[in-house]
Amino acid sequence: MLKSFIHKSYERLVCVAPAFGLSTSFFKGLKKREGRLCMSTLDQDQHFHPSCLDKTTLPGNPSDMVEPAKQPLQGLKLASHGGLEKAQEGGRLKCAKCGGSRMFFCYTCCSLVGVSPEEVPLVKLPFKIDIIKHPNESDGKSTAIHAKILAPDDVNIYTYPCIPDYDRDSVVLVFPGPRAVTVQNMIQSLTERLQDPGAEPRSKRFKGSDSADCPTHGGGQMGIPRVADCSDEGKGAESKALPLKKVVFIDSTWNQTNKISTDERLQDLLQVELKTRKTCFWRRQKGKPDTYLATIEAIYYFLKDFHELCLGQVYTGEYDNVLFFYSFLHSVINKAKIAAGKLEK
C-alpha cells in the first residue's frame, strides 16, 4: 500500500513538473533504496528553505535536527484546487494554439490547458502591473506567467529590451537599491514628485519603447471569458484617488537583473523595496539569500502591503488567489518530498 502511494506520488509530480519548470534531474534522482525513496546528490542541491518545510527535517545527525518551522502559504483564502487536481490526474495535453505539451496552462500562449475557466479564479488588481522579463529567462521556469493567467486584464509581460514609456509621476519600479523607498512611504514620495515643479526631466526614450512596438507576452490576450470573484469587485476603487497607476516588476534571475534595472528608461521611476520576507520558491538560486523572492511572491507581498499600508485597510485575503498556482505546486512538491523521506508527515 505504501509503495503504491509513493509510486503514484512520484508519477504525478513527474507529470506536473515540466509545466512549472522543474528540472528532469530532480526526478531522475528519486530512486528506491532499502525499501524507501531517497534523493541523489543532484537533488540535494535543490534545498527547501527551513521556513518552507511543513514538519521537522530529518538529517542523519540527531544534533542537526531543527525545530518545526511555521508552515508557509497557510491560511490563504484560495479558490478550490479541485480543477488542478483533476487536470493533474489527466496528465499533460497539447496547447490548442501552439501545440506545446502543457499542464494547467500554456506559458507561451497565456491560455488555460486542461482546466476550464470556471475552475481558475480571476483576480482584479487595484492598479496595472507590467513585468519586464529578461530574454534569457525561461518561460517554463518563470512564475510571472501566473500573474498574467490570474489577472489578465491588469498584467502585461514584456521581453527586454522592450520597455514601454512610463509616466514617472504615477509608475513605480519594485527593486531594491540605495534610492528605494518603502511601500509605506511610496505614496508620499509620488505625491511630492507631482508637487515638485523642478522635477528632473524624463529619460530619453529608446527606439522601440512605445507600447505599440512592445508586444506583450502571449499577445496580451487570454481569449478566455471568466468572472471575477465577487469579493474582488470594487476593490480597486480606493486606489483611483492615489497617484499610483502602475507597478513594474523585473522577471529575471538575480544575476541578470542589473542589465534591466539600470536601463535608462527605468531610471526616472521611483524605486520601491519590500520589507524583508523569506521565499518558499522550490528553485532557489545558489549563493543567494532566502530573502530573494520569486516574481509571483513579490507581486503578492506588494499587493498585501499596499492594501494595508497605503489604503489603510485590514487585509482579509483580497489578493490571495494571486498564489493560486504557486501554492498548489508548493503543496505537490512537499507531498513528493514526504514520499521521498525528505519530510516527515
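Computed from a prediction, not measured in an experiment: that's the story for all the values here.

1. Some remarks on the overall build of the chain
Thinking step 1. A tally of helices and strands in the chain yields nine helices and twelve strands.
Thinking step 2. When the 345 residues of the chain are sorted by exposure, 50% land in the buried category.
Thinking step 3. Once local pairs closer than 6 in sequence are excluded, the contacts in the chain between residues at least 24 apart make up 77%.
Thinking step 4. Of the roughly 16,900 Å² of accessible surface on the chain, a fraction of 51% belongs to carbon and sulfur atoms.

2. Notes on the nonpolar core
Thinking step 1. By size, the foremost hydrophobic cluster in this structure holds 62 residues, and its most contacted members are Met186, Phe302, Phe306 and Phe325.
Thinking step 2. One finds Ile163, Cys214, Val248 and Leu266 within the second-largest nonpolar core, a separate group that totals 14 residues.

3. Brief notes about unusual backbone geometry
Thinking step 1. In this model, Tyr160 is joined to Pro161 through a cis peptide bond whose omega is 20°.
Thinking step 2. Here Pro161 shows up in the loop between strand E8 (155-159) and strand E9 (171-174).
Thinking step 3. One non-glycine residue, Phe104, adopts positive backbone phi at about 75°.

4. Examining the environment of His330
Thinking step 1. Residue placement: His330 occurs in helix H9 (residues 324-339).
Thinking step 2. Distance from His330 to Phe281, taken between C-alpha atoms, is 7.8 Å for residues 49 residues apart in sequence.

5. A word on helix H6 (residues 183-195)
Thinking step 1. Helix length check: H6, at 13 residues, gives a terminal C-alpha distance of 19 Å against a target of 18 Å (1.5 Å per residue), a fit within 8%.
Thinking step 2. When H6 is considered as a whole, its buried residues turn out to be Val183, Met186, Ile187, Ser189, Leu190 and Arg193. Down the axis of H6, the smallest arc covering the buried residues is 165°, so these residues share one side. Residues Gln184 and Gln195 are exposed on H6 and point more than 90 degrees away from its buried face.

6. Concerning the pattern of salt bridges
Thinking step 1. As enumerated under the stated definition, the model contains nine salt bridges in all.
Thinking step 2. One salt bridge in this structure joins Lys124 and Asp154, with 3.3 Å as the shortest N-O distance. Taken together, the residues Lys124 in the loop between strand E6 (111-113) and strand E7 (128-133) and Asp154 in the loop between helix H5 (144-150) and E8 connect sequence positions 30 residues apart.
Thinking step 3. Given the relative accessible area of 35%, Lys124 is considered partly exposed.

7. Observations regarding the pairing of E9
Thinking step 1. Burial of the side chains of E9 extends over both faces: Val171 and Leu173 are buried on one face and Val172 and Val174 on the other.
Thinking step 2. Across three bridges, the pairing between E9 and strand E11 (residues 246-251) is parallel. Residue pairing in the sheet places Val172 in a bridge with Val247 of E11.
Thinking step 3. Sheet analysis places E9 next to strand E12 (residues 270-273), joined by three bridges and oriented parallel. Its bridge partner being in E12, Val174 is matched across the sheet by Val272.

8. Points about the packing of helix H4 (residues 82-90) against H9
When two helices pack together, their arrangement is given by the angle between their axes and by how far apart the axes lie.
Thinking step 1. In contact at an axis separation of 11 Å, H4 and H9 are set at 55° when each is read in the N-to-C sense. Judged on the interaxial angle alone, H9 and H4 are oblique. The handedness of the crossing between H4 and H9 is right-handed. Across the interface between the two elements, Leu84, Glu85 and Gln88 of H4 pack against Phe324, Phe325, Phe328 and Val332 of H9.
Thinking step 2. In terms of residue class, the contact of H4 with H9 is built from five nonpolar, one polar and one charged.

9. Focus: the environment of Lys148
Thinking step 1. Note on placement: Lys148 falls in helix H5.
Thinking step 2. Placed 17 residues apart in sequence, Lys148 and Ile131 show a C-alpha to C-alpha distance of 9.4 Å.
Thinking step 3. Reaching out from Lys148, the side chain makes a polar contact with the backbone oxygen of Pro152 at a distance of 3.2 Å.

Rules and cut-offs
- Residues numbered from 1 in each chain as written.
- Predicted model: local features only at pLDDT ≥ 70, side-chain atom pairs only at ≥ 80, totals over all residues.
- Heavy atoms only, no water.
- Helix = DSSP H or I, 4+ residues; strand = E, 2+ residues; numbered from the N terminus.
- Buried < 20%, exposed > 50% of the residue type's maximum accessible area, 1.4 Å probe, protein only.
- Contact = heavy atoms within 4.5 Å.
- Areas by Shrake-Rupley, 256 points an atom, 1.4 Å probe, with all protein chains shown as cover.
- Core = buried A, V, L, I, M, F, W, Y, C linked by side-chain atoms within 4.5 Å.
- Expected span 1.5 Å × (residues − 1).
- Arc of directions from axis to C-beta.
- Salt bridge = Lys/Arg side-chain N within 4 Å of Asp/Glu carboxyl O.
- Pairing = 2+ DSSP bridges.
- Axes fitted to C-alpha atoms, helices over the stretch in contact; angles between N-to-C directions.
- Parallel < 35°, antiparallel > 145°, perpendicular 65-115°, else oblique.
- Left-handed = near helix turned anticlockwise from the far one by under 90°.
- Nonpolar A, V, L, I, M, F, W, Y, C, P; charged D, E, K, R; others polar.
- Polar contact = N/O pair within 3.5 Å; in protein donor to acceptor, adjacent residues only side chain to side chain.

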